[in-house]
Amino acid sequence: MSETMTLEDLATLKDGEDTEVTSTETTPERVYEKKIDAQGRAYATGKRKDAVARVWVKPGPGKITVNGRDQLTYFARPVLRMILAQPLVAAEREGQFDIVCTVKGGGLSGQAGAMRHGISIAMTRFEPELRAVLKKGGFLTRDARTVERKKYGKAKARKSFQFSKR
């Protein structure tokens, strides 16, 4: 057994002098590899609310295709197109990647968020050094908020029917 120390012994020790407790073992840094298919594309799945986006990213002039249509016709509102461009702007890669996406479920806002999530993950699989920038911007984190389910005896998830004494 190790010998017991008194408070006076502990007071004389300086930080890091105790050899029994210190450890020289360090955790290795995680290395991220490039993941590309036979056609030179990186694939990822993005999710937001009830929408699921399957995204393929490859080098190109910057064309974004959603469910076989151009992004300008699929996402008519400029705010939704801005959401799609956020990871590209943060990584300073506008006009360098062609993006092909299929989206199912949810509404347009959820689909745009799912695409943003998928684009971010696919970009990190294509260029692993972009991970730090996209992680700092919060684009790699899946937003887990979804609609709360309706409960029985209630009008909606929490709203009750009008109360009357009579």
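Before reading further, recall that the structure is shown in the block above.
Overview of the structure. If you're wondering where the values come from, they're calculated on a predicted model, not measured in any experiment.

**Quick notes on helix α3 (residues 78–90)**
Piece 1. Given a rise of 1.5 Å per residue, 13 residues ought to cover 18 Å, and the 18 Å separating the end C-alpha atoms of α3 matches this to within 8%.
Piece 2. Approximately 40 degrees is the largest bend angle found in α3, and it occurs at Leu-84, with the proline Pro-87 only one to four residues beyond.
Piece 3. For α3, every residue scored as buried is listed here: Leu-80, Ile-83, Leu-84, Pro-87 and Leu-88.
Piece 4. Taken together, the buried residues of α3 touch β3 (64–66), α2 (71–74), β5 (97–104), α4 (108–126) and α5 (131–137).
Piece 5. Just beyond α3, the residue with positive phi is Glu-92, at close to 55 degrees.

**Describing unusual backbone geometry**
Piece 1. With a phi angle near 50 degrees, Lys-49 is a residue other than glycine that sits in the positive phi range.
Piece 2. By the secondary structure assignment, Lys-49 is in the loop between β1 (42–48) and β2 (51–59).
Piece 3. Non-glycine residue Asn-67 carries a positive phi angle of around 50 degrees.
Piece 4. Topologically, Asn-67 is positioned in the loop between β3 and β4 (69–70).

**Remarks on a nonpolar patch on the surface**
Piece 1. A contiguous nonpolar patch, built from Met-5, Leu-7 and Leu-10 and spanning about 330 Å² of accessible area, is present on the exposed surface.
Piece 2. Tracing the backbone shows Leu-7 in helix α1 (residues 7–12).

**Points about the nonpolar core**
Piece 1. Val-55, Phe-75, Met-115 and Met-123 are the most contacted members of the largest nonpolar core, which totals 31 residues.
Piece 2. Sorting the residues of this core by element identifies β1, β2, β3, α3, β5 and α4 as the ones contributing at least two each.
Piece 3. In terms of residue count, the dominant contributor to this core is α4 (eight residues).
Piece 4. Leaving out residues up to four positions away in the same chain, Met-123 has contacts with Pro-87, Leu-88, Ala-91, Arg-93, Phe-97, Leu-130 and Leu-134.

**Things to note about the side chain of Gln-111**
Piece 1. With respect to the helices, strands and loops of the structure, Gln-111 is situated in helix α4.
Piece 2. Among the polar contacts listed, one links the side chain of Gln-111 to the side chain of Tyr-74, at a separation of 2.7 Å.
Piece 3. The residues contacting Gln-111, other than those within four sequence positions of it, are Ala-51, Tyr-74, Phe-75, Val-103, Lys-104, Gly-105 and Gly-106.

**Regarding the pattern of salt bridges**
Piece 1. Under the definition given, this model contains six salt bridges.
Piece 2. Glu-148 is the partner of Lys-151 in a salt bridge, and the nearest nitrogen-oxygen pair spans 2.6 Å.
Piece 3. Residue class for Lys-151 comes out partly exposed when judged on its relative accessible area of 25%.
Piece 4. Judged by relative accessible area, Glu-148 falls into the partly exposed class, the value being 38%.
Piece 5. The network of salt bridges with shared partners includes Arg-48, Asp-143 and Arg-145.

Conventions and cut-offs
For every chain, the first residue of the written sequence is number 1, and numbering continues from 1 onward in sequence order. Predicted model: local features are reported for residues with pLDDT of at least 70 only, side-chain atom pairs are reported and counted for 80 or more only, and whole-chain, interface and lining totals are derived from all residues. Only hydrogens and water are set aside; all other atoms, that is, all heavy atoms of the structure, feed into the side-chain values. Secondary structure elements follow DSSP: runs of H or I no shorter than four residues count as helices, runs of E no shorter than two count as strands, and numbering proceeds from the N terminus. Expected helix span is taken as 1.5 Å per residue step, with the number of steps being one fewer than the number of residues. Bend is computed residue by residue as the angle between axes fitted to the seven residues ending at the residue and the seven residues starting at it. Buried, partly exposed and exposed residues are distinguished by accessible area as a fraction of the type maximum, computed with a 1.4 Å probe on protein chains only: under 20%, between the cut-offs, and over 50%, respectively. A contact between two residues is defined here by any heavy atoms of the two lying within 4.5 Å. Patch membership needs two things, relative accessible area over 30% and no salt bridge, and members are linked within 9 Å if like-charged or within 5 Å if nonpolar (Val, Leu, Ile, Met, Phe, Trp, Tyr). In these tables, accessible area is a Shrake-Rupley quantity obtained with a 1.4 Å probe, and a residue counts as shielded only by the protein chains included in the view. Put simply, a salt bridge is a Lys or Arg side-chain nitrogen that is within 4 Å of an Asp or Glu carboxyl oxygen. Among buried residues, the Ala, Val, Leu, Ile, Met, Phe, Trp, Tyr and Cys ones that are joined through side-chain atoms within 4.5 Å form a nonpolar core. Polar contacts, as used here, are pairs of N or O atoms within 3.5 Å; protein pairs need one atom able to donate a hydrogen and one able to accept it. Residues neighboring in sequence count only if both atoms are side-chain atoms.

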